[in-house]
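Architecture at a glance
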Amino acid sequence: MKPMTFYRTFSTKQPCPKLGLVRRFLCDHGTALALAARRLGGPAASARVFLLCEAVRHTRHLTRTQSSQLVDFHQLLTLEHVSDPDRIECDLFAQINPTSKFVDECCVLSEKLGSLLRRIAENDPTSDVRCHASQELPQVA
């Protein structure tokens, strides 16, 4: 009896353009995003950034869940929920010195993530997703 041989086939298709944008962003800014998420949303938020980084490395298409996570991180960086006393963001935000370098870094990161979301949305303007209280972006997945 001959042993079975398994051949792995590789597709020559390129990942979707949206995924490429997200991969580049997370490669360049993933660590900074995780650190900011930890300070603004706690260890669970930081872990979600690392899980997203790993997920986009191993997928061929950006999913709605991954897109939604990017929007959630943008909301975290733009302090969307700091006024809600029932959320962890409220307590963590109160501990941040407004004159610290972290605040400036957060603003820059927020602008970069917002730009990413707009670029993704340009490729798929199917429906609206709330990205910030004063800004609507089309769905990114």
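Structure: see above.
What this report covers is the structure whose coordinates are included nearby. (Residues numbered from 1 in each chain as written. Predicted model: local features only at pLDDT ≥ 70, side-chain atom pairs only at ≥ 80, totals over all residues. Heavy atoms only, no water.)

1. Some remarks on the packing of aromatic side chains
One pass over the full model with this rule turns up zero aromatic pairs. The ring centre of Phe 102 lies 4.2 Å from the NZ or CZ of Arg 39, which sits over that ring. (Phe/Tyr/Trp six-rings, centres within 6.5 Å; stacked < 30°, edge-to-face > 60°. Lys NZ or Arg CZ within 6 Å of the ring centre and 35° of its normal.)

2. Details of helix α3 (residues 64-77)
Within an α-helix, residues lying three or four positions from one another point in the same direction, as the helix has 3.6 residues per turn. In this model, α3 (14 residues) spans 20 Å end to end at C-alpha, consistent with the 20 Å of a helix rising 1.5 Å per residue. Among the residues of α3, those classed as buried are Gln 66, Ser 67, Leu 70, Val 71, Phe 73, His 74, Gln 75, Leu 76 and Leu 77. Once α3 ends, the next one or two residues include Leu 79, with phi positive near 60°. (Helix = DSSP H or I, 4+ residues; strand = E, 2+ residues; numbered from the N terminus. Expected span 1.5 Å × (residues − 1). Buried < 20%, exposed > 50% of the residue type's maximum accessible area, 1.4 Å probe, protein only.)

3. Describing empty space enclosed by the protein
What the rule picks out here adds up to one cavity of 30 Å³ or more. Of the voids in this model, the largest cavity is the one considered here, and its volume is about 40 Å³. Along its surface, the largest cavity is lined by Leu 40, Gln 75, Leu 76, Leu 79, Glu 80, His 81, Val 82 and Glu 89. Looking at the lining of the largest cavity residue by residue, the classes come out as four nonpolar, two polar and two charged. (1 Å grid on protein atoms, 1.4 Å probe; cavity = no way out; pocket = protein on both sides within 12 Å on 5 of 7 lines; lining within 4 Å. Points joined across faces, edges and corners; volume = space filled by probe spheres on them. Nonpolar A, V, L, I, M, F, W, Y, C, P; charged D, E, K, R; others polar.)

4. Concerning the layout of surface pockets
Looking at the largest pocket, its volume works out to about 230 Å³. Arg 48, Asp 72, Leu 76, Arg 87 and Glu 89 are the residues nearest the centre of the largest pocket, which is lined by 15 residues in total. Counting only elements with at least two residues in the lining of the largest pocket, the list comes to α2 (43-57), α3 and α4 (88-94). Sorting elements by how many residues they give to the lining of the largest pocket places α3 first, with five residues.

5. Points about the side chain of Ser 100
Its place among the elements puts Ser 100 in the loop between α4 and α5 (101-123). Polar contacts involving the side chain of Ser 100 include one to the main-chain carbonyl oxygen of Asn 97, which spans 2.9 Å. (Polar contact = N/O pair within 3.5 Å; in protein donor to acceptor, adjacent residues only side chain to side chain.)

6. Quick word on helix α1 (residues 17-41)
Over its 25 residues, α1 runs only 29 Å from end to end, short of the ideal 36 Å by more than 12%, given 1.5 Å per residue. Approximately 70° is the largest bend angle found in α1, and it occurs at His 29. Remark: Gly 42 follows α1 within two positions and exhibits a positive phi of approximately 90°. (Bend = angle between axes of the 7 residues up to and from the residue.)

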